[in-house]
Amino acid sequence: MSKHRVSRRQFLNYTLTGVGGFMAAGMLMPMVRFAVDPVLKANASGDFIPTPQKISEITEEPTRVDFSFEQQDAWYTSEVTNTAWVYKDENGEIVALSPVCKHLGCVVDWNTDKANQNRFYCPCHGGLYEKDGKNVPGTPPIAKLDVYPTKEKDGFLLLGKAKPREEA
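Since we're looking at a predicted model, the values are computed, not measured.

A. Quick peek at the packing of aromatic side chains. The full count for this structure, using the stated rule, is 4 aromatic pairs. Arranged with centres 5.8 Å apart and planes meeting at 85°, the rings of Phe67 and Tyr148 form a pair that is edge-to-face. Pair noted here: Phe67 is in strand E2 (residues 63-73) and Tyr148 is in strand E8 (residues 147-148), with a separation of 81 residues, a long-range link. Neither Phe67 nor Tyr148 differs from the other in exposure class; each is buried. One aromatic cluster in this structure is built from Phe67, Phe69 and Tyr148.

B. Quick look at the pairing of strand E9 (residues 150-153). As defined by bridge partners, E9 adjoins strand E10 (residues 156-159) across 4 bridges and the pair is classed as antiparallel. Following the sheet pairing, Lys153 is matched in E10 by Phe156. The hairpin formed by E9 and E10 contains 2 residues between the paired strands, and Asp154 there has a positive phi angle of roughly 55°.

C. Examining the sheet that holds strand E7 (residues 127-129) more closely. Here 3 strands make up an open sheet; going across it, the order is E5-E6-E7 and the pairing antiparallel. Looking along the sheet, the strands with just one partner apiece sit at the ends: strand E5 (109-110) and E7.

D. Broad picture of the state of the cysteines. Tallying each qualifying case throughout the model produces 1 disulfide. Covalent S-S linkage joins Cys106 and Cys124, the inter-sulfur distance amounting to 2.0 Å. Measuring handedness by torsion sign, the sulfur bridge of Cys106 and Cys124 sits at about -110° and is left-handed. Here Cys106, found in the loop between strand E4 (94-97) and E5, pairs with Cys124, found in the loop between strand E6 (120-122) and E7; they are 18 residues apart in sequence, far enough to count as distant. Relative accessible area serves as the criterion here: at 40%, Cys124 is assigned to the partly exposed category. Distance from the sulfur of Cys101, which forms no disulfide, to the nearest cysteine sulfur (Cys122) is 3.8 Å. With a relative accessible area of 2%, Cys122 lands in the buried category.

E. Here's a closer look at the sheet that holds E4. Within the open sheet, the 4 strands sit side by side as E2-E3-E4-E8. Their pairing is antiparallel. Whereas interior strands pair on both sides, the edge strands pair on one side only; in this sheet they are E2 and E8. Note: E4 against E8, 2 bridges, orientation antiparallel. Looking at the pairing, Leu97 lines up with Val147 of E8.

F. Quick look at the environment of Gly21. Looking at where Gly21 falls in the secondary structure, it is placed in helix H1 (residues 8-40). Take Gly21: its relative accessible area is 39%, and that puts it in the partly exposed class. Sequence-wise, Gly21 and Pro137 are 116 residues apart; in three dimensions their C-alpha atoms are separated by 68 Å.

G. Spatial organisation of the pairing of strand E3 (residues 76-88). Two elements, E2 and E3, share 11 bridges in a ladder whose sense is antiparallel. Residue pairing in the sheet places Gln71 in a bridge with Ser78 of E3. Relative to E4, E3 is paired through 4 bridges, and the arrangement is antiparallel. The residue of E4 that forms the bridge with Lys88 is Ile94. The turn joining E3 and E4, which pair antiparallel and follow one another in sequence, is formed by 5 residues; a positive phi near 85° is taken by Gly92.

Cut-offs used in this document
Residues numbered from 1 in each chain as written. Predicted model: local features only at pLDDT ≥ 70, side-chain atom pairs only at ≥ 80, totals over all residues. Heavy atoms only, no water. Phe/Tyr/Trp six-rings, centres within 6.5 Å; stacked < 30°, edge-to-face > 60°. Helix = DSSP H or I, 4+ residues; strand = E, 2+ residues; numbered from the N terminus. Buried < 20%, exposed > 50% of the residue type's maximum accessible area, 1.4 Å probe, protein only. Pairing = 2+ DSSP bridges. Disulfide = S-S within 2.5 Å.

Written as structure tokens, this is what we have:
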């Protein structure tokens, strides 16, 4: 039997490679954890955002409701303010419409154009929407206003994320 002897040069090579690998892993692990942490963190917030609007105060006339929530983009948290036009339809159901025009993203207002009473009006290019958010033919918008899903909690209105409506 021949004994395989490790030379001094091989021993130093193995030792320095092992120590260098251990040190590299020790430096890389915090960086990997920092990069992956936002993906692994569970989102504690629900899908619905509370608003200051009381359900009992909602009428058949669209009312502007402003609401705020915290938005997390990776490591950056910011306060975002959104708006909805809220009213009760003829069946007593609550309707919450996004104010963002489907033409170029301007903000629509309710009943501000004297020539088009009881309609949503976009001042950017004269876009018009009916009370239910349906775009008026012959005006720039190409689709209905997005709608917010709604819920009630403790007498206050909660809104989900605005969703586009299917065309009829």
